Amino acid sequence: MNFKKIISMALTLSMVSVSAVSVVRADESELFYEKFDMTKVKADKTDGVVKEIEVPDGDYTVTVKTGGKKETNANVYINGGERVRVYTLEAGQTQDNEQPVVPKDGKITVQVLGENPNVTEIEVKQLPDREEKGEKTTIYIAGDSTAQTYNYATAYPQTGWGQMFGNYFTDDVVIENRSMAGRSSKSYNNDGRLDRILTEMHPGDYVFIQFGINDGDVNKAERYISVEDYTTLITEKYMGEVEKRGGIPVLMTASAAGWWDEENNCFMESRQDYADPTREIAKETGCAFIDINRTVTDMWNSMDKDEVISGYFVCEPLESKAYPVGTNDTTHMKPKNATLVAKMVAEAIPESVPELAKYLKGDEVFNDISGHWAENVIKSLAAEGIVNGVGGGKFNPDGTVTRAEFLKMAMDACEIPGHAYRWLEKSGLPSASDAWITDVTPEDWYCYYLQGALDKGLIPDAMLEGLKEAKLGEVVITEATEDKEAVTAEAWQYEPEDLVKGIQFNGKAPITREEMAAVAVNCMSYVAKNSDVELSPVNQDEGDYFSDRDDIRDDYLNAVEVAYSYGVINGMGDGTFAPDATLTRAQASVIVNKLAAIK
């Protein structure tokens, strides 16, 4: 459909019958304001209702009101882009569709399509100029799914780098991640997402611009944009309109994919069809620029192949809620790679966007570990995202560790994935997730780690109150068909008769040292069973290597002995193990550092 032709035809048909109710100067200022009565405008069968308004340069909100005595079926386009998808209102219902708008060529064009658009009013209101900086500098991210912030309740473990970006900045800056899956530079603009940033931002704010993955999708007209039009759109609107408002655009190449070149035994370059033009735009305009595509590709080629692939959205069965049968996606990322990419973007800032560098946290993440015996280990694990602080720049090395916290640390160190949390879904899978866990909800941050640990049998029975017996067995996720084999997974299973009243994990309780040993050994054993890692004992002592061996509960004694034999634990330095003592955060860091070394 030729939109310009539509506008021309519709204007000829309807402009005469549209009456402007009033022209009001907001607060007697020079701000533009018009409200159009559309009740007498008859919709064209093909082109719907169209209204074109000439406006001064600036930022606007446009409100399209629909509904009335008859049923309404409509969708709203502004400046050629679909802003409100098709919706239906019953007779008597009304709906106000308010959209942020930046004029195009001095005009705002509204088109409402549908079987019965039922447009009653169009209101155009100019927003005041934002002449002063905001209370805090804001960094907006305009991008696609590789940068998006995901809701783990539905998308775990898919993660965008923009979701992790704020971890590298102080509280003196605000990160607004406005990235959205499936968008190209064209569809992001047509959706009004760029206009929303432009109408919100203040002078001195930054807009990171990253597209190029969906832009070349010739099979989807709403996404596809030629390289020539991409260059124009990025230069004139994304960069030009940000600069017009006193902001600073930061251009980025698309995030690299994890595509392996078997012939050359390396990760290949990816997304170059729009990465190269982006580099040219940056070179010609002098725009602040981060070539994250090249940086990531170089980083991946300095790492082990499996290490890189494990951080992409390559999921085993049950790991992803959206894809329970598993995925093999080397475009999108899990938290591990999203964190690495966010870190690489942050590390590029001092050279590429030096005025932003003052907001970076820097290498000294924790201010309470200097001189501590575990300082170097804590720093190393923090850099890998395996341990986190407690807030306020502190790690609290001598504080206690909860069961949930150590479970997360151990699984991350061993690169054992969590699973989508299924407690409320009654999925039919015969696992502990089917409403038998009574003290964990989807709102608990550790529910994904707990779910994966339960499915894999990483938690000893003694740590699950209310459990009589459990067994590891095969779960059928999808039945076999004529075209496909069944999808199955091995999972720890709990039947109703194996329970007292339901299982409680008590994840917020401090973990004891003997419980720690059991979880650590189970994680270590899982790695050995599911990889090529060969474990060898490092301590060959025979007999009682801890003077308080008799104080270790029978449920944990074997785990403590195995952990000692393989060098995971060494005791307290005075010949004791102190099985009932609570684990400190520093001790936990040393343990998980040893676990990370065996994978």
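Note that this is a predicted model, so its numbers are computed, not measured. (Residues numbered from 1 in each chain as written. Predicted model: local features only at pLDDT ≥ 70, side-chain atom pairs only at ≥ 80, totals over all residues. Heavy atoms only, no water.)

### Observations concerning the overall build of the protein
So, point 1. The helix and strand inventory of the protein stands at 16 helices and 22 strands.
So, point 2. Dimensions along the principal axes, computed over C-alpha positions, put the protein at roughly 100 × 55 × 55 Å.
So, point 3. For the protein, the proportion of its 599 residues judged to be buried stands at 51%.
So, point 4. Of the contacts made within the protein by residues no fewer than 6 positions apart, 74% connect residues no fewer than 24 positions apart. (Helix = DSSP H or I, 4+ residues; strand = E, 2+ residues; numbered from the N terminus. Buried < 20%, exposed > 50% of the residue type's maximum accessible area, 1.4 Å probe, protein only. Contact = heavy atoms within 4.5 Å.)

### Regarding the pairing of strand S6 (residues 81–89)
So, point 1. Looking at chain direction, strand S5 (residues 72–78) and S6 are connected through 6 bridges and run antiparallel. From the neighbouring strand, Thr72 faces S6, where its bridge partner is Leu89.
So, point 2. Turn length for the S5-S6 hairpin, with the two strands adjacent in sequence and antiparallel, is 2 residues, and the turn residue Asn79 shows positive phi of about 50°. (Pairing = 2+ DSSP bridges.)

### Looking at the packing of aromatic side chains
So, point 1. Scanning all chains against the criterion turns up 20 aromatic pairs.
So, point 2. Taking the centre distance of 5.2 Å and the plane angle of 75° together, the rings of Tyr230 and Tyr274 count as edge-to-face. Of the two residues, Tyr230 sits in helix H6 (residues 227–244) while Tyr274 sits in helix H7 (residues 272–285), which places them 44 residues apart along the sequence.
So, point 3. A residue is classified by how much of its surface remains accessible, and Tyr230, at 1% relative accessible area, is buried.
So, point 4. For the pair Trp300 and Tyr312, a centre-to-centre distance of 6.1 Å together with 75° between the ring planes defines the contact as edge-to-face. (Phe/Tyr/Trp six-rings, centres within 6.5 Å; stacked < 30°, edge-to-face > 60°.)

### Considerations on unusual backbone geometry
So, point 1. In the segment running from Tyr156 into Pro157, the intervening peptide bond is cis, with an omega of 0°.
So, point 2. In this structure, Arg271 is a non-glycine residue whose phi angle is positive, near 65°.
So, point 3. Relative to the helices and strands, Arg271 is located in the loop between strand S15 (266–267) and H7.

### Description of the confidence of the model for the protein
Close reading of the predicted structure is inappropriate where its pLDDT is low.
So, point 1. With 90% of its residues at a pLDDT of 70 or more, the protein shows a mean pLDDT of 89.
So, point 2. Contacts for the low-pLDDT stretch residues 1–28, under 50 throughout, to residues beyond four places or in other chains number 48 contacts.
So, point 3. Here residues 424–435 is modelled with pLDDT under 50, and outside its nearest four sequence neighbours on either side it reaches 32 contacts, counting other chains as well. (pLDDT = per-residue confidence, 0-100.)

### Points about the nonpolar core
So, point 1. Core analysis: the biggest nonpolar cluster contains 66 residues, and Phe406, Ile459, Phe505, Met516 and Ile569 have the highest contact counts within it.
So, point 2. For this core, the secondary structure elements donating two or more residues are helix H11 (375–383), helix H12 (403–413), helix H13 (447–456), helix H14 (513–529), helix H15 (554–565) and helix H16 (585–598).
So, point 3. Top contributing element to this core by residue count: H14, with 10 residues.
So, point 4. Those residues in contact with Phe406, other than ones at most four positions away along the chain, are Val401, Ile511, Met516, Val519, Ala520, Leu583, Ala588, Ile591 and Val592.
So, point 5. Membership of the second largest hydrophobic core comes to 36 residues, among which are Trp161, Val250, Ile309 and Val345. (Core = buried A, V, L, I, M, F, W, Y, C linked by side-chain atoms within 4.5 Å.)

### Some details on the sheet that holds strand S12 (residues 206–210)
So, point 1. If you walk across this open sheet you meet the 5 strands as S11-S10-S12-S13-S16, and the pairing is parallel. Two strands close off the open sheet at either side, each with one partner strand: strand S11 (173–177) and strand S16 (288–290). Each adjacent strand pair in this sheet contributes to an overall mean axis angle of 20°, direction not counted.
So, point 2. The sheet contact formed by strand S13 (residues 248–252) and S16 spans 3 bridges and is parallel. Opposite Val250, over in S16, you have Ala288 as the bridge partner.
So, point 3. Packed onto the sheet, H7 meets S13 and S16 and runs at close to 145° relative to S13. (Axes fitted to C-alpha atoms, helices over the stretch in contact; angles between N-to-C directions.)

### Describing the side chain of Asn97
So, point 1. Tracing the backbone shows Asn97 in strand S7 (residues 94–101).
So, point 2. The class of Asn97 is buried, set by a relative accessible area of 6%.
So, point 3. Of note is the side chain of Asn97, whose polar atom sits 2.9 Å from the side chain of Tyr87.
So, point 4. What Asn97 contacts, discounting residues up to four positions off in sequence, is Val62, Thr63, Val64, Thr66, Val76, Val84 and Tyr87. (Polar contact = N/O pair within 3.5 Å; in protein donor to acceptor, adjacent residues only side chain to side chain.)

### Points about the packing of H12 against H16
So, point 1. Two elements in contact, H12 and H16, have axes separated by 8 Å at closest approach and are oriented at 25°. Classified by the interaxial angle, the pair formed by H12 and H16 is roughly parallel. Crossing of H12 against H16: the hand is right-handed. Between H12 and H16, the contacting residues are Glu405, Phe406, Met409, Ala410 and Ala413 on the first element and Arg585, Ala588, Ser589, Ile591, Val592, Leu595 and Ala596 on the second.
So, point 2. For the contact of H12 with H16, a count of residues per class yields 9 nonpolar, 1 polar and 2 charged. (Parallel < 35°, antiparallel > 145°, perpendicular 65-115°, else oblique. Left-handed = near helix turned anticlockwise from the far one by under 90°. Nonpolar A, V, L, I, M, F, W, Y, C, P; charged D, E, K, R; others polar.)

### Regarding the environment of Asp144
So, point 1. Structurally, the position occupied by Asp144 is in the loop between strand S10 (137–143) and helix H2 (152–155).
So, point 2. For the pair Asp144 and Tyr188, spaced 44 residues apart in sequence, the C-alpha to C-alpha distance is 8.5 Å.
So, point 3. Setting aside its immediate chain neighbours within four residues, Asp144 contacts Ser179, Met180, Ala181, Arg183, Gln210, Phe211, Ile213 and Asn214.

### A look at the pairing of strand S18 (residues 329–333)
So, point 1. With 4 of 5 residues buried, S18 lies mostly within the body of the structure.
So, point 2. By the bridge criterion, 2 bridges tie strand S17 (residues 312–313) to S18 in an arrangement that is antiparallel. If you follow Tyr312 over to S18, its bridge partner there is Met333.

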